[in-house]
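Residues per chain are reported as follows:
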Amino acid sequence: MLSFNGSLSLSLPTKLTDIYKKAVKIFYLRHNEEFRGKNFTRAELESDNLPREVGEKFKKLEKMAFEGIKEGKLIFGGNEVGEMENSALFHRLPDRRTDELNREKQFCFIHLTMQEFFAAKHLTNMSETELRNFVSKNINNGKWQLVFQFLAGLMNDKEKIPSEIITDLLPEETEEDENNAYNEECPWKIEPRKVIKWPTGDKKHLAVTLFKCCSEKSEMKATVQRKLQQINFNFVNFIFCQLTAVDCASLVTVIENQGKNISHLQLMDNNIGPLGCSEICKLLKCRNSQLSWLNLTRNQLTDEAAKYLADAIRDNNCQLRSLNLSLNNITDKGAQHLAQAISNENCQLRSLFLSYNNITEAGEQHAKNLLIKSQPNLVKTLWTRKAQAPSTSSIYQKAHSKREGQKLKLKGGGESRGARERDMEEKEMLTAPSLMEQITQTSH
């Protein structure tokens with residue numbers, strides 16, 4: 001067991017890179033034979049410095065990790081790992097038979113993220129020109145995404161590496177769109193709403209990567225925020241981006257200062273879950289927030305997420321008028337949380353979409369009764385009924401956004417998931433055709 005003299009507590013890192021820096025050091029000091037049984041002071045453990053001989057061993061490891069990711073190699077021979085094979089950084093695999101008589105030891109890093117961390121450390125040893133070229137060439141390659149996030153964190157220790165190597169890649173392109181669904185009021189009764197989207201379809205994943213990098217380096221976050229303020233847009237578009245709760249935290253941290261400019265946030269078809277939803281709710285509560293339209297369709301949201309949203313839309317600062325929570329896992333309990341929040345006098349919400357959740361007819365009726373009883377003179381729209389099984393693709397609606405304006409056209413049938421993804425930039429999750437005839441106005 002690792003022990004040290006002095007205080008019994010260590011300050012815990014909060015950024016991913018700092019966590020891995022600390023973990024690598026402790027793993028190595030705890031399991032390597034030359035340090036076994038040695039006591040360490042608090043200062044020694046909190047310091048990022050390693051013994052000189054360890055630093056030399058790690059440099060070889062860094063190059064091996066980098067070349068492995070570059071070549072798609074996750075398994076390494078005993079001759080490559082060398083004297084590091086007994087450290088806690090590697091997992092021993094079954095030996096590989098090289099011929100009838102001989103076998104070779106095989107190893108892999110204890111986790112792929114550990115290999116990515118060492119690969120990032122290797123990048124910090126490149127020249128500025130070499131590193132800039134490498135990042136620019138590979139920033140859109142998914143296998144390097146976490147490596148670049150670690151690289152951003154490691155830049156805090158490398159003053160010679162400018163953060164502009166990453167921030168200069170922030171996409172600046174926008175696109176205009178016009179659609180009934182973007183209107184903050186009931187979308188099929190009002191004229192189409194014009195918006196300016198950022199990022200554009202082919203740049204969304206690049207923007208996500210840069211946001212993750214910003215979470216590791218404060219200077220980088222400030223630079224990106226300044227750049228965003230110079231881009232004219234009001235619609236933040238991260239549809240189909242596989243965002244997680246951690247990604248939402250990065251997104252909110254970067255765009256929170258853009259509050260007065262952003263009216264629409266499109267997060268349909270991600271995986272943010274309740275924790276990610278709680279991060280998004282921070283935007284709704286910001287004093288300068290003008291966010292009036294939010295789409296969280298198909299995001300693994302539960303009653304816990306509904307409770308977070310209910311708390312947010314009751315907040316004095318919240319300007320939200322349209323909220324889409326279709327195709328999630330919200331039950332009667334979550335619907336009740338939301339209905340109670342909508343009945344609050346501070347709530348600005350006008351349209352709430354809850355179709356294809358786990359809400360019973362009794363739960364729907366209870367929510368309607370709450371709204372009618374509390375706000376009898378206020379017109380608010382609650383969409384809850386299911387028209388068909390949620391697995392069918394007729395719930396998708398293709399939004400043709402030509403500059404002269406064009407009515408929405410329904411696209412149904414058995415379209416495959418792959419085809420939808422290829423055309424996903426023109427897709428908007430709305431509701432099934434028959435649902436349009438089942439709008440429930442909760443009060444008049």
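Above this text is the structure in question.
Keep in mind that what you see is a predicted model, and the values were worked out from it rather than measured. (Residues numbered from 1 in each chain as written. Predicted model: local features only at pLDDT ≥ 70, side-chain atom pairs only at ≥ 80, totals over all residues. Heavy atoms only, no water.)

**Student:** Pulling in residues and values, what's your account of the sheet that holds strand 3 (residues 76-77)?
**Tutor:** As summarised here, the arrangement of the three strands in space is 3-5-4, forming an open sheet in which the pairing is antiparallel. Two strands close off the open sheet at either side, each with one partner strand: strand 3 and strand 4 (90-97). Those strands touched by helix 3 (residues 52-71) are strand 3, strand 4 and strand 5 (103-109), and its axis lies near 85° from that of strand 5. (Pairing = 2+ DSSP bridges. Helix = DSSP H or I, 4+ residues; strand = E, 2+ residues; numbered from the N terminus. Contact = heavy atoms within 4.5 Å. Axes fitted to C-alpha atoms, helices over the stretch in contact; angles between N-to-C directions.)

**Student:** Break down the packing of helix 9 (residues 204-214) against helix 11 (residues 245-255) for me, citing the residues and quoting the values.
**Tutor:** Interaxial distance between helix 9 and helix 11 falls to 9 Å at its minimum, and their mutual angle equals 80°. In terms of orientation, helix 9 lies roughly perpendicular with respect to helix 11. Where helix 9 approaches helix 11, its residues Phe211, Lys212 and Cys214 are matched on the opposing element by Asp247, Ser250, Leu251, Val254 and Ile255. Of the residues that constitute the contact of helix 9 with helix 11, the class distribution is five nonpolar, one polar and two charged. (Parallel < 35°, antiparallel > 145°, perpendicular 65-115°, else oblique. Nonpolar A, V, L, I, M, F, W, Y, C, P; charged D, E, K, R; others polar.)

**Student:** Residue-level account of unusual backbone geometry, with values.
**Tutor:** Among all residues except glycine, the phi angle is most often negative; among peptide bonds, the trans geometry is most common. Between Trp198 and the following residue, Pro199, the backbone shows a cis peptide bond with an omega angle of -10°. Secondary-structure assignment places Pro199 in the loop between strand 7 (193-198) and helix 9. With a phi close to 55°, Phe240 is a non-glycine residue in the positive phi region. The phi dihedral of Asp269 falls on the positive side, at around 60°, and the residue is not glycine. One can find Asp269 in the loop between strand 9 (264-266) and helix 12 (273-285). For Asp269, a relative accessible area of 10% puts it in the buried group. (Buried < 20%, exposed > 50% of the residue type's maximum accessible area, 1.4 Å probe, protein only.)

**Student:** I'd love a proper account of helix 1 (residues 16-31), names of residues and values included.
**Tutor:** An α-helix turns once per 3.6 residues; consequently, residues spaced three or four apart project the same way. For helix 1, which comprises 16 residues, the first-to-last C-alpha distance of 22 Å matches the rise-based estimate of 22 Å (1.5 Å per residue) to within 8%. Those residues of helix 1 that sit buried are Thr17, Tyr20, Lys21, Lys22, Val24, Lys25, Tyr28 and Leu29. (Expected span 1.5 Å × (residues − 1).)

**Student:** Could you give an account of helix 6 (residues 128-138), naming the residues involved and the relevant values?
**Tutor:** Within helix 6, burial applies to Leu131, Phe134, Val135 and Asn138. All buried residues of helix 6 lie within an arc of 95° about the axis, which places them on one face of the element. Across from the buried face of helix 6, at angles greater than 90 degrees, the exposed residues are Thr129 and Lys137. (Arc of directions from axis to C-beta.)

**Student:** Help me get a handle on the nonpolar core, residues and values and all.
**Tutor:** In terms of nonpolar packing, the biggest core is built from 102 residues, with Leu89, Phe118, Leu228, Phe238, Leu309 and Leu325 touching the most fellow members. Two domains each donate at least three residues to this core, and these are domain 1 (16-121) and domain 2 (163-383). Residues in contact with Leu325, not counting those within four places in the same chain, are Leu296, Leu301, Leu309, Ile330, Leu338, Leu352, Phe353, Leu354 and Asn357. (Core = buried A, V, L, I, M, F, W, Y, C linked by side-chain atoms within 4.5 Å. Domains from an automatic or database assignment.)

**Student:** Quick rundown of the environment of Asn317? Include the residues and the values.
**Tutor:** Inspection of the secondary structure puts Asn317 in the loop between helix 13 (303-313) and strand 11 (322-324). Residue classification places Asn317 among the partly exposed positions, given a relative accessible area of 26%. Among residues more than four places away in sequence, those in contact with Asn317 are Leu284, Lys285, Cys286, Arg287 and Ser289. For Asn317, the side chain forms a polar contact with the main-chain oxygen of Lys285, separated by 3.1 Å. (Polar contact = N/O pair within 3.5 Å; in protein donor to acceptor, adjacent residues only side chain to side chain.)

**Student:** Run through a negative patch on the surface, naming residues and quoting values.
**Tutor:** Residues Glu172, Glu173, Glu175 and Asp202 make up a contiguous surface patch of negative charge. With respect to the helices and strands, the residue Glu175 is situated in strand 6 (residues 175-179). (Patch = residues over 30% accessible without salt bridge, like charges linked within 9 Å, V, L, I, M, F, W, Y side chains within 5 Å. Areas by Shrake-Rupley, 256 points an atom, 1.4 Å probe, with all protein chains shown as cover. Salt bridge = Lys/Arg side-chain N within 4 Å of Asp/Glu carboxyl O. Lys, Arg positive; Asp, Glu negative; His and termini not counted. Charge placed at Lys NZ, Arg CZ, Asp CG, Glu CD.)

**Student:** Describe the packing of aromatic side chains, with residues and values.
**Tutor:** Evaluation of the coordinates by the stated rule reveals 21 aromatic pairs. Plain terms: the ring middles of Phe66 and Phe134 are 5.5 Å apart, the flat faces sit at 55° to each other, and that makes the pair tilted. With Phe66 in helix 3 and Phe134 in helix 6, this residue pair connects regions lying 68 residues apart in the sequence. The burial state of Phe66 is the same as that of Phe134; both residues are buried. Aromatic side chains Phe117 and Phe118 sit 5.8 Å apart centroid to centroid with 75° between the ring planes, which places their arrangement in the edge-to-face category. For the pair Phe117 and Phe118, a shared accessibility class is recorded, and that class is buried. Taking NZ or CZ as reference, Lys197 lies 5.1 Å from the ring centre of Phe235, over its face. (Phe/Tyr/Trp six-rings, centres within 6.5 Å; stacked < 30°, edge-to-face > 60°. Lys NZ or Arg CZ within 6 Å of the ring centre and 35° of its normal.)

**Student:** Before we move on, can you summarise the pairing of strand 7 with the specific residues and values?
**Tutor:** When strand 6 meets strand 7, the two strands line up antiparallel, connected through five bridges. The residue of strand 7 that forms the bridge with Glu175 is Lys197. Inspection of the sheet shows strand 7 paired to strand 8 (residues 235-237) by two bridges, in the parallel sense. What sits directly across from Trp198, in strand 8, is Val236.

**Student:** An account of the pattern of salt bridges is needed here, citing residue identities and associated values.
**Tutor:** All told, the structure shown has 17 salt bridges when counted by the stated rule. Salt-bridge contacts for Asp168 lead to Arg132; the nearest nitrogen and oxygen are separated by 3.4 Å. Pair noted here: Asp168 is in the loop between helix 8 (164-167) and strand 6 and Arg132 is in helix 6, with a separation of 36 residues, a long-range link. Judged by relative accessible area, Asp168 falls into the partly exposed class, the value being 44%. Glu219 is the partner of Lys217 in a salt bridge, and the nearest nitrogen-oxygen pair spans 3.7 Å. One continuous salt-bridge network, built from bridges that share partners, spans Asp18, Lys21 and Asp157.

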